[in-house]
Structure formats: structure tokens, C-alpha cells
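Structural overview for review
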Amino acid sequence: MAKIKDIIKENQKTFFSIEITPPDRGKSIQEIYDAIDNLMPYDPQFINVTYHQPFAEFVEENNVIKRIHRSKKPGTIGVCAAIQSKYNVGTVPHIICGGFNKYEIEDALIDLHYIGIDNIFAVRGDPVPGVRKFIPETEGHSYASELVAQISDLNRGKYLDTQENALNTDFCIGVAAYPEKHYESLNLERDLQNLKNKVDKGADYIITQMSFDIEAMKNFVAKAGEIGITVPIIAGIKPVTSMAQIEMIPRAFNVNIPMELINSIESAKTRKEEFANGIKFMEKYVGQLLDFGLPGIHVFTMGKGAPAKALMSSLFGGKI
Ligand SMILES: Cc1cc2nc3c(=O)[nH]c(=O)nc-3n(C[C@H](O)[C@H](O)[C@H](O)COP(=O)(O)OP(=O)(O)OC[C@H]3O[C@@H](n4cnc5c(N)ncnc54)[C@H](O)[C@@H]3O)c2cc1C
């Protein structure tokens, strides 16, 4: 499958990719296919599949504390392989630092290389539920930049234990960025220096956290350029279609909701109107991003894809 950096470079039209999460444990992959079927007519250039770190939960049962392994959304790599073979579209598994040591990461990279997945999105991961700070595994990575460095090393044939005449991998690496800064970061400038470090370690392109604020996005892109970040920046987009989502987003993703979007959703008299107003706002925002010169948009579907489909339909028109 083509490398994302080449897709971005060679693409002549407005570029569109999507991000999905694996099904909940015990649920069918068909629900993922249904969401993708909704969006395939708009020709997504690639599909990212998120990774969800397992964690331990401690519960008391009959006066005994039991450790329970929770892993709600397993299957990232399997979902990538299944989508790639069913739809013949490139998939990008997210690989995270959390929960893995670097030896386990190397083995996962070798698996991906063997099954022909050579696009990777490298992120650190968040602290597990109930813990305030991100805690790396023993011999794991503390920051995404270290994960990027490990993948770049493998691309040069440098394994953790030196191997004679070792083959190199050829991964194209994407990393995350935050137009309104990462929540742990002291300020945007410091966060951008850390982003530059990921690029210097080998990241080929950037996908941003969702934002709804064109000025914040313009400021972020300009500042990234000023410190020498020259790889493509793709805007993450979350089509917001209800007041409930608007209320959840600042808490879950640490981003601001502009007054224009709040007013537009609040002015709706019905659920249907709320949905339509959200899509209308997003259509305008995406237009502003593309006018500003970003190569394309990456849509977080987080569900069945109906809002994403409505947004695509209003952006690219009657293909369905
Ligand atoms: C597009 C996108 C997709 C995502 N997909 C997933 C997913 O699939 N699974 C998942 O669990 N999470 C995912 N996340 C969430 C991500 O894991 C969290 O936002 C996490 O808190 C930070 O990840 P990062 O890769 O940006 O971390 P990093 O780049 O490591 O940065 C984390 C923080 O540390 C700071 N920092 C970086 N380097 C240093 C240093 N050397 N010294 C001091 N501070 C430093 C940064 O400024 C930042 O504040 C995604 C986020 C985005 C935007």
C-alpha cells in the first residue's frame, strides 16, 4: 500500500482520510464495515485505526481485592488487516507507548512489516483510568518521540539487539499535534518544540487533534513553520452534531468550542436542526482550512459514521 507521505504529495484533489476505533470486545467487525461503507463513496485515501491500552482494575469481592484485566477495544492490527484486504484501501494502525516495552514494540513492528502494513501512527497514549500521570513501562518509552526514534532505527535496519545483515523496514510515520496545545504542556511554544523533536526523529507527517477554531489552527501552522516543521500537517476534524457532544468535547479532548458553534447548535429547535446546524458549521470550518492551504482533512468518525457521511456529502456533494 502507498505511503501516506506519498499520497499527500501526489494527491491532486481535496484529501480526505478517516479514523475509526476497533469494535468493543465481543462485538462484530460488521459495525466497522457499516461505518466504512457509508464513507467509501467519498474515496478516503487511508483509514487510521486507534489503539486502546488495556489496564488493570481492582475490585473487592468477598473481602478479597481482585485484579481484573480490562481491554475494551482489542484488535487494532487485525482490524487494519481486515479492512485493507476487504476494501483495498491503506490502513494505519496506531501504535502507543503505554503498556508496552520496546521489545514488545519491536515484535509488533515486525508483525506489521510481515503483513504488509507499512504506515504507522505513533502516539504516547494517555494515563490509564484512575492514574493522573502517564507511566511508561519498564524499558518502555516515555514520549512518542522515543517511539518514533525506535521505528526510524528499524527503518535503518537497527534492531534492539544487533542482528547480522538485518533487513530494514520501511515504515512511514505519522504523529499527533495539538493546535490548542497538549493539556500537559506549559504552553504552545514548548509543545511545538516537542513536536519538532518528533519530526527530527523521523515523523513524515502530522495529524492534529480536533479543533473548531480556524484562528487557532492558523496560528499553530504558522508557528510550526517558524520553527522549521516542514512535513505536511493534516487537520483532524470531528463533525459535531449535538449539544451533548459539544459539552463532552472540552472535557475529553481539551479543546475550546467557539461561540459561533455553540450559538448555532443552541438555536436549533429540533434534534434534526441541531444535526444540520452542526454540519453547516463544520462545512464552513473545513472550507476555511482548505482555503488556508492544508492538504486535506482527517475525520474522526467515533461511531457509525453518519455525521461524517453528512459532512462529506455537504463538502463533496451528491455522491450517495
Ligand atoms: C490524531 C490523534 C490520534 C490519537 N490516537 C490515539 C490512540 O490511538 N490511542 C491512544 O491511546 N491515544 C491516542 N491519542 C491521544 C494521545 O495518546 C494523547 O493525546 C497523549 O496524551 C499524548 O500523545 P502524544 O503522542 O502527542 O505524546 P507526546 O508527543 O509524547 O507528548 C506528550 C506530552 O509530553 C510533552 N513532551 C514531549 N516530549 C517531551 C520531553 N522530551 N520532555 C518533556 N515533555 C515532553 C508534549 O509537549 C506533550 O505535552 C491520539 C491523539 C491524536 C491527536
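Residue numbers here run from 1 along each chain, matching the order of that chain's written sequence. Whole-chain, interface and lining totals are the exception, using all residues; otherwise, since this is a predicted model, local features are given only for residues with pLDDT of at least 70 and side-chain atom pairs are given and counted only at 80 or more. Excluded from the side-chain calculation are hydrogens and water; included are all heavy atoms of the structure.

What follows concerns the site of the ligand. Every one of the 24 residues lining the ligand counts as a neighbour, but Tyr 51, Asp 126, Tyr 178, Asp 191 and Lys 198 are closest to it. Pairing of N or O atoms within 3.5 Å defines a polar contact, subject to two protein rules: one partner must be a possible hydrogen donor and the other a possible acceptor, and residues neighboring in sequence count only if both atoms are side-chain atoms. Between the ligand and the protein, one listed contact pairs an oxygen atom with a side-chain N or O atom of His 94 at 2.8 Å. One nitrogen or oxygen atom from the side chain of Asp 191 is found 2.6 Å from an oxygen atom belonging to the ligand. Burial of the ligand by the protein amounts to 84% of the accessible area it has alone, namely 980 Å². At the level of secondary structure, the elements contributing two or more residues to the shell around the ligand comprise strand E5 (90-96), strand E6 (119-123) and helix H6 (188-200). Under the DSSP-based scheme used, a helix requires at least four consecutive residues in state H or I and a strand at least two consecutive residues in state E, with every element numbered from the N terminus. The biggest single contributor to the shell around the ligand is H6, with three residues. Residue polarity is assigned by list, with Asp, Glu, Lys and Arg as charged and Ala, Val, Leu, Ile, Met, Phe, Trp, Tyr, Cys and Pro as nonpolar; anything else, Gly included, falls into the polar class. Among the residues forming the shell around the ligand, the class breakdown is 11 nonpolar, seven polar and six charged. The criterion for a residue being near a molecule or strand is simple. One of its heavy atoms has to lie within 4 Å of it. For the area figures, the Shrake-Rupley method with a 1.4 Å probe applies, and any residue is considered shielded solely by the protein chains shown.

On to unusual backbone geometry, then. Trans is the prevailing form of peptide bonds, just as negative phi is the prevailing case for residues other than glycine. One non-glycine residue, Asp 43, adopts positive backbone phi at about 65 degrees. With respect to the helices and strands, Asp 43 occurs in the loop between helix H2 (30-39) and strand E2 (46-49). The phi dihedral of Asn 63 is positive, around 65 degrees, even though this residue is not glycine. Counting through the fold element by element, Asn 63 comes out in the loop between strand E3 (55-61) and strand E4 (64-70).

This part is about the packing of aromatic side chains. Ring geometry is summarised as follows: Phe, Tyr and Trp rings, the Trp one being its six-membered ring, pair when their centres sit within 6.5 Å, and such pairs are stacked at plane angles under 30 degrees, edge-to-face over 60 and tilted between the two. Tallying each qualifying case throughout the model produces four aromatic pairs. Ring geometry for Tyr 51 against Phe 100: centres 5.6 Å apart, planes inclined by 70 degrees, an arrangement best described as edge-to-face. One end of the pair, Tyr 51, is in the loop between E2 and E3; the other, Phe 100, is in the loop between E5 and helix H4 (102-114), and 49 residues separate them in sequence. Across from the ring centre of Tyr 33, 4.8 Å away, lies the NZ or CZ of Lys 86, which sits over that ring. A cation sits over an aromatic face here: Lys 86 above Tyr 87, 5.5 Å from the ring centre. Charge over a ring is defined by NZ of Lys or CZ of Arg lying within 6 Å of the ring centre and within 35 degrees of the ring normal.

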